[in-house]
Amino acid sequence: VQEVARLLNIRLTEIPDWNCCGASSAHMTDHGLAVDLAARNLRIAEKTGKDLLIPCAACFHRLKAAEKAIDAETDRQGGQTPKIGVLHLSDWLRRPESLRKIRDAVKTPLKGLRLVHYYGCLITRPPSITDSGEHDDPKSMDFLIQILGGEVKRWSHKTECCGGSLALGRSDITNALVSKLVKAAARADAQGILTMCPMCQANLESNQLELKQQDSGHPVLPIFFATELIAACISESTSANRWKAHLVDPKGLLNSLGL
């Protein structure tokens, strides 16, 4: 995210003294604490006078939930809700000016790389929290893939759940959900999956390795965080180190594209 902002000449400022938002357990144990943890970040960000950009879907969801809770409390008791734009990364990237900057900066296009877009269940839903106008069929990553030169493959699983933090305690559930997603992407003739949720990326990558061990015929697809591909396409230089943290190695797929 920081690399993309730098390459597009956009300045990001980390808010000072931020704290954990409480995801994913605080709201299940103490509603007041869950709101207060996220609200503190909103108050700090408000002092900067800038919108708050959030790359993590879980953090975005918790801060938007806190914003709504503060709104409701303000209506009952008076006071002031933090006046700040709370934006998920997908909101920022789909702005016409952002898409225009990315399109004009592309140096190495994706050359028809076939991708499905995976939003997961927290970025757009429920719309009463996220304020999404397209919670059932989001399209921000469609535009992004297209301007990078890739091919968007249609599929019906773009907002399905990957299991989230259940990977820690109920891997059987996440394995089943991830298997369903990867198989659906393979049926759609995708060569990879593009996401804007770090937890979705982690689950889809790590669980595929176990699924492949259990079933040698199980499809395995690389999982890309959106800004990884943007940076690769608009950067002046190429480096294999860009992909070294991936558990499902995409280098074989990307070498032919010069990425």
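Here we summarise the structure given alongside this text.

Some words on the pairing of strand β5 (residues 192-195)
Judged by which residues are buried, β5 turns out to be covered on both faces: Gly-192 and Leu-194 on one side and Ile-193 and Thr-195 on the other are all buried. Pairing analysis gives four bridges linking strand β3 (residues 114-118) to β5, with the strands arranged parallel. Among the inter-strand pairings, Tyr-118 is bridged to a residue of β5, identified as Thr-195. Pairing of β5 with strand β6 (residues 223-225) involves three bridges; the strand directions are parallel. For Thr-195, the partnering residue across the bridge sits in β6 and is Phe-225.

A closer look at the pairing of β3
Taking burial as the measure, the five residues of β3 include four buried ones, the bulk of the element. Looking at chain direction, β3 and strand β4 (residues 151-152) are connected through two bridges and run parallel. From the neighbouring strand, Arg-114 faces β4, where its bridge partner is Glu-151.

Let's talk about the packing of aromatic side chains
Evaluation of the coordinates by the stated rule reveals two aromatic pairs. Considering the side-chain rings of Tyr-118 and Trp-155, the 6.2 Å spacing of their centres and the 65° angle between planes classify their relative orientation as edge-to-face. Here the residue Tyr-118 occupies a position in strand β3, and Trp-155 occupies one in the loop between β4 and α9 (171-187), the gap between them amounting to 37 residues. Like Tyr-118, the residue Trp-155 is buried in the burial classification. Measuring from ring centre to ring centre gives 5.8 Å for Phe-224 and Trp-243, while their planes differ by 80°; the resulting arrangement is edge-to-face. One end of the pair, Phe-224, is in strand β6; the other, Trp-243, is in the loop between α11 (226-234) and α12 (251-255), with 19 residues separating them in the sequence. For the pair shown, Phe-224 and Trp-243 are each scored as buried.

Thresholds, definitions, all that
- Residues numbered from 1 in each chain as written.
- Predicted model: local features only at pLDDT ≥ 70, side-chain atom pairs only at ≥ 80, totals over all residues.
- Heavy atoms only, no water.
- Buried < 20%, exposed > 50% of the residue type's maximum accessible area, 1.4 Å probe, protein only.
- Helix = DSSP H or I, 4+ residues; strand = E, 2+ residues; numbered from the N terminus.
- Pairing = 2+ DSSP bridges.
- Phe/Tyr/Trp six-rings, centres within 6.5 Å; stacked < 30°, edge-to-face > 60°.

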